[in-house]
Amino acid sequence: MDASPPVDTLNEEESTTRRDPPEGLTRARRGHVGRFVLVLALVLVVAVLTLYGWPLRSDELQRAVPETLSFAAASERATRTVSADAADPEVRPDCRSQFLSHGSTSAKAVLLLHGYTGCPTQYRALAKLFFDRGYNVWVPRAPRHGFTDRSANAKLDAVELVDYANDALNVAAGLGDSVGVVGVSGGAVLATWLVGHRPDAVHRAVLLSPLYKPGSAQVPGPAVKPLVVLVGSHLVPARANSDGVSIAGLSQYLRVVGNFATDPRSPHLRELAVVTSENDEFIDRQAAVDIPRDIAERNDTAFSAHELPRELGVGHDIVDPNGLRASTDDVNRYYLDLYEGVERPDGRKSLSRPLT
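Residues numbered from 1 in each chain as written. Predicted model: local features only at pLDDT ≥ 70, side-chain atom pairs only at ≥ 80, totals over all residues. Heavy atoms only, no water.

Draft legend 1. Spotlight on the environment of Asn332. Looking at the secondary structure, you find Asn332 in helix α11 (residues 328-340). Since its relative accessible area comes to 2%, Asn332 is described here as buried. Between the C-alpha atom of Asn332 and that of Asp320, which follows or precedes it by 12 residues, the distance is 9.8 Å. Beyond its immediate stretch of four places on either side in the chain, Asn332 contacts Ala125, Leu126, Leu129, Val319 and Leu324. (Helix = DSSP H or I, 4+ residues; strand = E, 2+ residues; numbered from the N terminus. Buried < 20%, exposed > 50% of the residue type's maximum accessible area, 1.4 Å probe, protein only. Contact = heavy atoms within 4.5 Å.)

Encoded structure:
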């Protein structure tokens, strides 16, 4: 009789021996895995701390250069900009800079700053209303905006934005004795920057849907700072969507927010107002009120905050006639009254709800 064990038994024993390594070797492998997980966790913690601790403030983004221009010099600069836009085939005809002049220095001049992915055509109705009220009006096109290539704003840089805002205010200041600024969305960010960094020139400001911080439906709060650091510093790429909105471009306005004046003293500021829309989920509406309110309190300046009601049917862009439709005239007159500090309680109630 053959005393050898069955072949199947040998295979099973060999298989068992191969599947079950020595206990010491198993512990060593577990130790390696544990150390890898620990190192990975430490790397992630350091990365997160680095992102949240990354400084957003920069001397370049707090640089304001006042320039005194005569009416002739300011007009020539504005006219030259308008002509350059008209000669540039990449600039859409409806998006060229707009200069509305009475031909001489006026008592009042206003700078209108359009929003991110927008262009001066947003203000076509409000600009005319200001002009008809006696203002010289300057509506410059922002860098990399209004192009036939709608994705061009993805290459925007925050330094371009603050330089553009500063230069635009220099022109506006040469057009009138008293100067103020109206901004919508990203333009309201730049208007706020001017209030803090150009106290020599800004007397009045109306901030429409200011994009100080995206709404939580757009970007969760904890993700805003990493987004600004990674995308805003061009450490990771970002593409524009079908509407031409690029996180890369958006982050540049948020970099400007991080460089607002820490103590925005503005002795000439007489009126400061903010308007948002109840339908607007694109911005953080609380931040939209808190930041300008703080500026007003620091300067003992008249301040009012208002919200357009949901039934008006207006979203984030609360100035473009395409969105305002039949309400365009009433809403624009309302903005002008806020700018001038005119008390019209009945008219205001029909348009917005005061915010506390």
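The discussion continues.
Draft legend 2. Expanded view of the packing of aromatic side chains. Going through the model one piece at a time under the given rule, you end up with seven aromatic pairs. Taking 5.2 Å as the distance between ring centres and 90 degrees as the angle between the ring planes, the aromatic pair formed by Phe130 and Tyr339 counts as edge-to-face. Of this pair, Phe130 sits in helix α4 (residues 124-132) while Tyr339 sits in helix α11; the two residues are 209 residues apart in sequence, bridging distant segments of the chain. For the pair shown, Phe130 and Tyr339 are each scored as buried. Geometrically, the ring pair formed by Tyr212 and Phe260 is edge-to-face, given 5.7 Å between the ring centres and 90 degrees between the ring planes. You can see Tyr212 sitting in the loop between β5 (204-208) and α7 (221-230) and its partner Phe260 sitting in the loop between α8 (247-257) and β6 (271-277), a full 48 residues away along the chain. Residues Tyr212 and Phe260 agree in their burial class; the two are buried. Taken together, the aromatic side chains of Phe130, Tyr135 and Tyr339 make up a single cluster linked through ring pairs. (Phe/Tyr/Trp six-rings, centres within 6.5 Å; stacked < 30°, edge-to-face > 60°.)

Draft legend 3. Local environment of the nonpolar core. Core analysis: the biggest nonpolar cluster contains 52 residues, and Leu111, Leu113, Leu190, Leu194 and Val256 have the highest contact counts within it. Considering each element in turn, this core owes the most residues, 10 residues, to helix α5 (residues 158-173). With near-sequence residues (within four places) excluded, Leu113 lies in contact with Tyr123, Pro140, Tyr164, Val181, Val182, Gly183, Val184, Gly187, Leu190, Ala191 and Leu194. Counting residues in each nonpolar core, the second largest holds 28 residues, with Tyr123, Ala273, Val331 and Leu338 among its members. (Core = buried A, V, L, I, M, F, W, Y, C linked by side-chain atoms within 4.5 Å.)

Draft legend 4. Focus on the pairing of strand β3 (residues 136-139). Every second residue of β3 is oriented toward a common face, with Asn136 and Trp138 on one face and Val137 and Val139 on the other, all of them buried. In this sheet, β3 lies alongside strand β1 (residues 98-100) in antiparallel orientation, the contact comprising three bridges. Along β3, the bridge assignment pairs Leu100 with Val137. Two strands pair when backbone bridges link them, and strand β2 (residues 106-113) and β3 are joined in this way by three bridges, in the parallel orientation. Paired with Ala109 across the bridge in β3 is Asn136. (Pairing = 2+ DSSP bridges.)

Draft legend 5. Region of the structure containing the environment of Ile291. For Ile291, the position within the fold is in helix α9 (residues 285-299). For Ile291, a relative accessible area of 27% translates into the label partly exposed. Separated by 99 residues in sequence, Ile291 and Thr192 have C-alpha atoms that sit 8.9 Å apart. Look past the residues within four positions of Ile291 in its chain and what remains in contact with it is Thr192, Tyr212 and Phe260.

In short, shape yes, function no, at least from these values alone.
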